[in-house]
Each structure stands twice: as structure tokens, then as C-alpha cells.
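Descriptive structure summary
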Amino acid sequence: MKNQIQIENTLDIGQLKILTDGQEHRWITVAHSAIGKSHSQATPPIPCQDNHYFETLNDNWQLAIVCDGAGSAKMSHFGSKLISNNAIPSNLKNVLSNLKWFKKGELPSKKEWGDLGLTIFKETHNNLISWVEKHNKQNNTGFSFNDFASTVMFSLYSSKGVAVANIGDGRGGYLNTSGELKPLFTPFGGDESNGTIFITSPIWETPSKFIQTDVINEKILAIFLLSDGMEKITFECSNLTDDVFTDANIPYKKFFFPVLSKIKSLDSEGEEKLKGEWKSFLESGNEAIKNESDDKTLLVSFLK
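Attention here is on the structure that accompanies the text. (Residues numbered from 1 in each chain as written. Predicted model: local features only at pLDDT ≥ 70, side-chain atom pairs only at ≥ 80, totals over all residues. Heavy atoms only, no water.)

**A closer look at the overall build of the protein**
Secondary structure assignment for the protein yields ten helices and 14 strands. A globule of 304 residues ought to have a C-alpha radius of gyration of about 19 Å, and the protein, at 19 Å, matches this closely. Seen through its C-alpha atoms, the protein measures out along the principal axes to roughly 60 × 45 × 45 Å. Of the roughly 14400 Å² that the protein leaves accessible, carbon and sulfur atoms contribute 50%. Taking the average location of the 31 positive side-chain charges in the protein and that of its 37 negative ones, the two points are 5 Å from each other. (Helix = DSSP H or I, 4+ residues; strand = E, 2+ residues; numbered from the N terminus. Rg over C-alpha atoms; globule rule 2.2 N^0.38 Å. Areas by Shrake-Rupley, 256 points an atom, 1.4 Å probe, with all protein chains shown as cover. Lys, Arg positive; Asp, Glu negative; His and termini not counted. Charge placed at Lys NZ, Arg CZ, Asp CG, Glu CD.)

**So, the sheet that holds strand β9 (residues 220-226)**
Taken in spatial order, the five strands of this open sheet run β1-β14-β9-β6-β7, and their pairing is antiparallel. With one partner strand each, in any of the chains shown, β1 (27-34) and β7 (181-183) form the two edges of the open sheet. Taking each pair of neighbouring strands and ignoring which way they run, the sheet shows an average axis angle of 15 degrees. Relative to strand β14 (residues 296-303), β1 runs antiparallel, the two being bridged by eight bridges. Within β14, the residue paired with Val30 across the bridge is Val300. Contacts from helix α8 (residues 253-265) reach β1, β6 (171-176), β7, β9 and β14 within the one sheet, and its direction differs from that of β14 by about 55 degrees. (Pairing = 2+ DSSP bridges. Axes fitted to C-alpha atoms, helices over the stretch in contact; angles between N-to-C directions. Contact = heavy atoms within 4.5 Å.)

**Looking at the environment of Glu8**
For Glu8, the position within the fold is in helix α1 (residues 2-8). In this structure Glu8 comes out as partly exposed when scored by relative accessible area, which is 46%. Considered as a pair, Glu8 and Lys290 are 282 residues apart in the sequence and their alpha carbons are 27 Å apart. (Buried < 20%, exposed > 50% of the residue type's maximum accessible area, 1.4 Å probe, protein only.)

**Let's talk about the nonpolar core**
Formed by 35 residues in total, the largest nonpolar core has its most connected members in Trp113, Phe121 and Phe154. The set of elements that each furnish at least two residues to this core consists of β3 (62-69), α4 (76-96), α5 (100-104), α6 (110-139), β4 (150-158) and β5 (161-167). At six residues, the largest contribution of residues to this core is made by α6. Excluding its chain neighbours within four sequence positions, the residues that come into contact with Phe154 are Ala64, Ile65, Ile88, Leu92, Trp113, Gly117, Ile120, Phe121, Ala163, Val164 and Ala165. Counting residues in each nonpolar core, the second largest holds 30 residues, with Ala222, Tyr252, Val300 and Phe302 among its members. (Core = buried A, V, L, I, M, F, W, Y, C linked by side-chain atoms within 4.5 Å.)

**Topic: α4**
Two residues of an α-helix separated by three or four positions point the same way, owing to the 3.6 residues in each turn. Taking 1.5 Å of rise per residue, 21 residues should cover 30 Å, and α4 covers 28 Å from first to last C-alpha, within 8% of that figure. The axis of α4 is deflected most strongly, by about 40 degrees, at Ile83. (Expected span 1.5 Å × (residues − 1). Bend = angle between axes of the 7 residues up to and from the residue.)

**Focus on the sheet that holds β4**
If you walk across this open sheet you meet the five strands as β2-β3-β4-β5-β8, and the pairing is antiparallel. Both outer strands of the open sheet, β2 (50-56) and β8 (212-216), are each paired with one neighbouring strand and no more. The mean inter-strand angle of the sheet, taken between neighbouring strand axes irrespective of direction, is 10 degrees. As judged from the seven bridges shared by β2 and β3, these two strands associate in the antiparallel manner. The partner of Thr56 across the bridge, within β3, is Gln62. Along the sheet, α4 makes contact with β2, β3 and β4, crossing β2 at roughly 25 degrees. Across the sheet, α6 is in contact with β4, β5 and β8; its angle to β8 comes to roughly 140 degrees.

**What to know about the pairing of β6**
Of all six residues in β6, six are buried; the element is thus mostly enclosed. Burial of the side chains of β6 extends over both faces: Arg171, Gly173 and Leu175 are buried on one face and Gly172, Tyr174 and Asn176 on the other. Relative to β9, β6 runs antiparallel, the two being bridged by six bridges. Across the sheet, residue Gly173 finds its bridge partner in β9, namely Phe224. Pairing of β6 with β7 involves three bridges; the strand directions are antiparallel. Bridge pairing in β7 links Tyr174 to Lys182. What sits between the antiparallel neighbours β6 and β7 is a turn of four residues, in which Gly179 has the positive phi angle 90 degrees.

See the structure below:
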């Protein structure tokens, strides 16, 4: 069944031509994190616990990060912001600047990236511990480390491929130059359908069981990172066939192709305008998005 879903979500020659004709080879990225309905309607309202970050690191590399704070953790909106906007960018850039493969614009080996991903996550975990201790001391509060719980994924990518690292139940995908829409990793599901893990979870004695890293050595045209609040309308992620539940985990062509086509068609003024439109779309784009109870983050980066 998954093979059939993959075929259905592969661009045909004409669609691929629309996206690649007259290619300028520059990355256009749109991203937003929007509050979910259950949070906005709570008394008192719960802030959006999702956060994201993206940056052009140099002529070769782009960095994208998405974090989803735990709904049950009262300070997770701070945790997800600290991780995505400060700790991971800083820790990653400190390491990358000394690596030959990064300087040359080449992809690392899976082993190199796996070791690096684990190091970055561990450093970020320790940063968060220090930050919570400092926050409690400065503000005379008694928050626990788990009050700042968040999932986290980050991706380093170029036209040559993607290196990705993930903790938790977010999703990531990409479009390759053959027109195939594929997943970057498998979301962590735990023992329950809605179970997940966080960077604050007790995973550090056996981190390889919980932390996913991969290097995808395929030429790419786009990547997508999202929190689980956006998965139902952007990914093929739930199928019940012959009473068997399967998660195909494949990006929807019917969603992503129109988005990428629009980015392709825009001039520079339109690209700037799209940032505001993307914010409106994530907040109230259609009934499904408007009524989504969970916070919603969607980052799309396209090699125009």
C-alpha cells in the first residue's frame, strides 16, 4: 500500500517542469508557528508552545529547526524557543565551522552526522538544565526541568541533500529532483498513538533508541518541517486497510505542489508578501487548520 501512496504523491513530468524551468538556485523559505484552538480558548489562554528557526549559513547550507513544546508542560513555550532560536543554532554553528565536509559543501557520512546530532542534542539538553537553574535563581521560582519539555528537529540542507536529526513526533519531508515526495524520518510514536518523547525525557542512557539521525544523499528541490498540529492536512499519515492501521508518512502532493508552484511564480515583492500570507494561512487558512486544537508550525523551503 505504501508503494502505491508513494506513486500517487510523485510529481509527473509536467509538474516537475513547472518547478524547475528557469531555476535561479536560491532558497525561499516560509515558516510560521500558530496557536491551536484548544490553547486560544483555554481559561486563561495558553500561549503557542511551538517555535521555529531558519537561517542561510553560507553559499551552500541552510538550517531549519522546529520545536513543539509539551502541552502538559507549563513552561514549554520558553523551552521550545530557547532550543530552536538559541541553543541549537549556536551549538551547531560552533561545531560546523571546523568541519571539512561543511566547508566543502559536501554531505557528511551517516556516522559523522549521527555522532554530531547526538552531541548537539546533548549540549542543548545541558544548556536547558543550566537555563532553568538560572531562571529559577533570578526569578525566585521553582520550575522543574520537565516544565520546559519540547520535541525538537533540525535539518541542515543544500541542493545536494539533507542531514536531519529528530527527537519526538514532528514530521519532516522533502521533494527530490525526480519528483518524489518522501519523509525525512519516522515520528516517534511511543507505546500509545499519541505518545511521544521530549529532549527532557529520560533518554540519555540509551539515546540511539530515541534520537533519529539520517543523511539523505539525493538532489533535492524542497524540504518541509512541521509540528504534529499540521500533519493531518500535509501528510498521508493514517490509513486503515483490512483493519490494519498504517502510517505511510508521505507528504501530500495535493498540498505541497500548489504551495511550491505559487512560490515559483512569485517575483521578489510577491515573495515578501507571501510571508504575511503564510502567517494568515497557518492561523485560519481553512476550516481544518482553523479548528485544529493543537499548535501548528509549518516550514517550507524551496530551491527556486
